Protein chains: 2
Amino acid sequence: MSVEEVKEPQQQEPQQEAKEPEPAISYKAIVLTGFGGYDKLKVEIKKDLPTPKSGEILVRVKAAGLNFADLMARQGLYDRLPSSPPLIPGMECSGVVEVIGDDVTDRKVGDNVIVMNRAGLWSELVVIPVGHTFLMPDGMGFEEAAAIPVNYITAYMMIYDFANLRPNQSILVHMAAGVDIVLDPLGGADTTKGFNLLKPMGKIVLYGAANLLTGPKRNPLAIAKMWWNKFSINSLQLLHSNKAVCGYHLGYLEVDQIRDVVTKLLSLYKEGKIKPRVDSVWSFEQIGDAMKQMQERKNIGKVILVPEAKKTEN
Amino acid sequence: MSVEEVKEPQQQEPQQEAKEPEPAISYKAIVLTGFGGYDKLKVEIKKDLPTPKSGEILVRVKAAGLNFADLMARQGLYDRLPSSPPLIPGMECSGVVEVIGDDVTDRKVGDNVIVMNRAGLWSELVVIPVGHTFLMPDGMGFEEAAAIPVNYITAYMMIYDFANLRPNQSILVHMAAGVDIVLDPLGGADTTKGFNLLKPMGKIVLYGAANLLTGPKRNPLAIAKMWWNKFSINSLQLLHSNKAVCGYHLGYLEVDQIRDVVTKLLSLYKEGKIKPRVDSVWSFEQIGDAMKQMQERKNIGKVILVPEAKKTEN
């Protein structure tokens, strides 16, 4: 196990004797203390960081992405959390490799990486299997990098793997009459509207249940209404309409299943074909305000979290 | 209206005076006299052929395709017939243009064409809108030509438009564990089996209800069982599985909606990439035996009908 020295200067303690124990690492993380409103998220100082084991690396996080799934998770509406609160949320981040564990050959200290995980990434330091990381292309900023995984993987897989978008086809991102593709993040009764708008050979891709997010707190009435109105279709209706219904949920896919898509996206970035749009950048301490920005649909582009106490809005 | 002379020598009457009326045309057609068993199909001599109107052409049929939908239609199980019996079935044929109507500029007498229509093509002579015809590539035989439309359009659209087949993906034509694409012609309970076999991002394309065809006659029990077992799925099941369900039914598509696919298929034929397999060729008079060949699943390849009284089996 070759643990390399922590290089970050502002984090380093005064130089000690060689035989002395390593300086205790302390780092900030956003913790979900229970299901509920914005106040359930608190910044804590953590000291119990695990040492990277074989196949793992330690990453110093520079930026992390905020997603609708995180808002749903806070309310107890997201069924893909790895455990119950308290836990550190965060499904995507970017940062710098600080320590590499045994048997890690394709990453080195100082590499800039994008990280994906089911949770745990809203933290200054993260220990993660190397397979959950992707090398950032040269010239990509950390905030840009943190804006890519969830949104671009979702868009890419829905449009190219499911919807099979082709030249001269029209696409509707929720709603017009006669379209080839509908991407439906709303769920419930809106899905039926979207299905009815499709041309023959059209496809609707369901990818969320934004109608569940009616406010900052879990709304049992919205949940009941969603279940009552949930879209349902049978084989004969599908046969007679020449249409397709696809369900997409990144939370139910493993990293191995999206590796090729990320590789493709990073090469599209290098070719200048995609360029993530960052809406705003918030410090860990501003997590409540950052979530509110998204809850109230004020963001155009990605909402980004950074460990340092600063805030920039575009 | 420029009606050209009928060129077929064996059909021509002795030369008459110029002012005499044209010789009466008589031709054979297969007529569905009512819903039921094989005996409901009879060859009749017809004399009431309409003259091609503007935008129409008269085609002398050389070969016609037999489809599962024709077997279902005979039993009263196909809901896309244009009228009730008596009627002439037949959805695809090939032949030679004998007369062209006004305003037809892209076909000429003597052209070899493929014809598609909802019904009416199991006939020696057919009057059809020119938009329902496609020029046959050089070197394509009439029997091959009649074997292409329904089967190849269905396969192409299901595989490339819906299932989005890519290199290294596996395809299952009804079954194994973990596949990317299932093409399901059976319907009913088998659809659930197919859906469960799919990998994440997998697609199942439903394209028929072969389980309905249990014998030569309509089976009310099979119909009830089919309805009872019909596959049904809701948005949450789809979301959590990352799968797609597509319905395909050529009978519910208009010729305009499949024109580009036929053009693509004919160019694939010219490049030698597709080669229809003809199972057997039957005369119009043998329609019952031809249907039985298909009903009993004895055919490997296309079952073809020809107006002349001959039979060849491969």
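About the cut-offs
Position numbers for residues count from 1 along each chain, tracking the sequence in the order it is written. Each chain takes a letter, starting from A, and each ligand takes a number, starting from 1, following the order in which they are written. Where totals are concerned, whole chains, interfaces and linings use all residues; where local detail is concerned, this predicted model gives features only for residues with pLDDT of at least 70, and gives and counts side-chain atom pairs only at 80 or more. Heavy atoms throughout the structure, all of them, feed into the side-chain values; hydrogens and water do not. In this text, helices come from DSSP runs of H or I with a minimum length of four residues, and strands from runs of E with a minimum of two, each type numbered from the N-terminal end. Any helix carries an expected span of 1.5 Å times its number of residues minus one. For every residue, the accessible area (1.4 Å probe, protein chains only) is compared with the maximum for its type, and the residue is labelled buried under 20%, exposed over 50%, or partly exposed between those bounds. Along the chain, pLDDT gives the predictor's confidence residue by residue, from 0 to 100. The criterion used for residue contact is that any of the two residues' heavy atoms lie within 4.5 Å. When two components associate, each loses some accessible surface as probed by a 1.4 Å sphere; the sum of these losses over both components is called the buried area. Salt bridge, as applied in this entry: a Lys or Arg side-chain nitrogen positioned within 4 Å of an Asp or Glu carboxyl oxygen. Nitrogen and oxygen atoms within 3.5 Å of one another constitute a polar contact, given that in protein one can donate a hydrogen and the other can accept it, and given that sequence-neighbouring residues count only through two side-chain atoms. Two strands form a pair only when DSSP identifies at least two bridges running between them. Inter-axis angles, ranging from 0 to 180 degrees, are taken between N-to-C directions of lines fitted to C-alpha atoms, where helices are fitted over the stretch in contact. Note on angle classes: values under 35 degrees are labelled roughly parallel, values over 145 roughly antiparallel, values of 65 to 115 roughly perpendicular, and the remainder oblique. Under the scheme applied, nonpolar residues are Ala, Val, Leu, Ile, Met, Phe, Trp, Tyr, Cys and Pro; charged residues are Asp, Glu, Lys and Arg; polar residues are all the others, including Gly.

Asker: It is not clear to me how helix α3 (residues 149-162) of chain A should be interpreted in this structure. Could you clarify?
Answerer: Helical periodicity: at 3.6 residues per turn, an α-helix aligns residues three or four positions apart in one direction. Residue and element names in this part refer to chain A. A rise of 1.5 Å per residue sets the reference length of α3, with its 14 residues, at 20 Å; its end C-alpha atoms lie 18 Å apart and thus fit the reference within 8%. Of the residues making up α3, those classed as buried are Pro149, Val150, Ile153, Thr154, Tyr156, Met157, Met158, Ile159, Asp161 and Phe162. Remark: Asn164 follows α3 within two positions and exhibits a positive phi of approximately 60°.

Asker: What is the right way to look at the confidence of the model for chain A in this model?
Answerer: Residues shown with low pLDDT carry predicted positions that ought not to be read at fine detail. Residue and element names in this part refer to chain A. Taken over all residues, the pLDDT of chain A has a mean of 86, while the share at 70 or more is 88%. When pLDDT is averaged over each helix and strand of chain A, the minimum, 50, is found for strand β15 (residues 312-313) and the maximum, 98, for strand β3 (residues 56-65). The low-confidence segment residues 1-18, where pLDDT is below 50, has 25 contacts with residues more than four positions distant or belonging to other chains. For this predicted complex, the interface confidence comes out at an ipTM of 0.77, alongside a pTM of 0.78.

Asker: I'm lost on the interface of chain B and chain A in this one. Help?
Answerer: How big an interface is tends to be reported as the loss of accessible area on association of its parts. Counting residues at the interface gives 37 residues for chain B, matched by 37 residues for chain A. In this assembly, chain B packs against chain A so that about 3300 Å² is buried in total across both faces, 62% of it on carbon and sulfur atoms. For the chain B face of the interface with chain A, the top three residues by lost area are Phe162(B), Met201(B) and Leu239(B), together amounting to 18%. Here chain B is connected to chain A by zero salt bridges. Inspection of the region where chain B meets chain A yields 16 residue pairs in polar contact (both at pLDDT 80 or more). Within the residue set of the side of chain B that touches chain A, elements represented by two or more residues are α3 (149-162), β10 (198-206), β11 (232-234), α6 (235-241) and β12 (244-247) of chain B. As defined by bridge partners, strand β11 (residues 232-234) of chain A adjoins β11(B) across three bridges and the pair is classed as antiparallel. Residue Ser232(A) lies in a different strand from β11(B), and its bridge partner there is Asn234(B).

Asker: How do you make sense of unusual backbone geometry when you look at a structure like this?
Answerer: In most cases, non-glycine residues show a negative phi, while peptide bonds are predominantly trans. Residue Pro86(A) is reached from Pro85(A) by a cis peptide bond, and omega for that bond is 0°. By the secondary structure assignment, Pro86(A) is in the loop between α1 (68-74) and β4 (92-100).

Asker: What exactly am I supposed to notice about the packing of α3(B) against helix α7 (residues 259-270) of chain B here?
Answerer: Describing two packed helices takes the angle between their axes plus the distance from one axis to the other. Residue and element names in this part refer to chain B. At a minimum axis separation of 10 Å, α3 and α7 run at an interaxial angle of 100°. The angle between α3 and α7 falls in the class roughly perpendicular. Contact residues: Tyr152, Ile153, Tyr156, Met157 and Asp161 in α3; Val261, Val262, Lys264, Leu265 and Leu268 in α7. Its residues assigned to classes, the contact of α3 with α7 comprises eight nonpolar, no polar and two charged.

Asker: What is the right way to read the pairing of strand β14 (residues 302-306) of chain A from this model?
Answerer: The side chains of a regular strand alternate, first on one face of the sheet and then on the other. Residues and elements named next belong to chain A. Most of β14 is tucked away, with five of its five residues classed as buried. A two-sided burial pattern is seen for β14, the buried positions comprising Lys302, Ile304 and Val306 on one face and Val303 and Leu305 on the other. Note that β3 and β14 share two bridges and pair antiparallel. Bridge pairing in β14 places Gly65 opposite Ile304. Here strand β13 (residues 278-283) runs beside β14; their pairing, made up of five bridges, is parallel. Bridged to Trp282 within β14 is Leu305.

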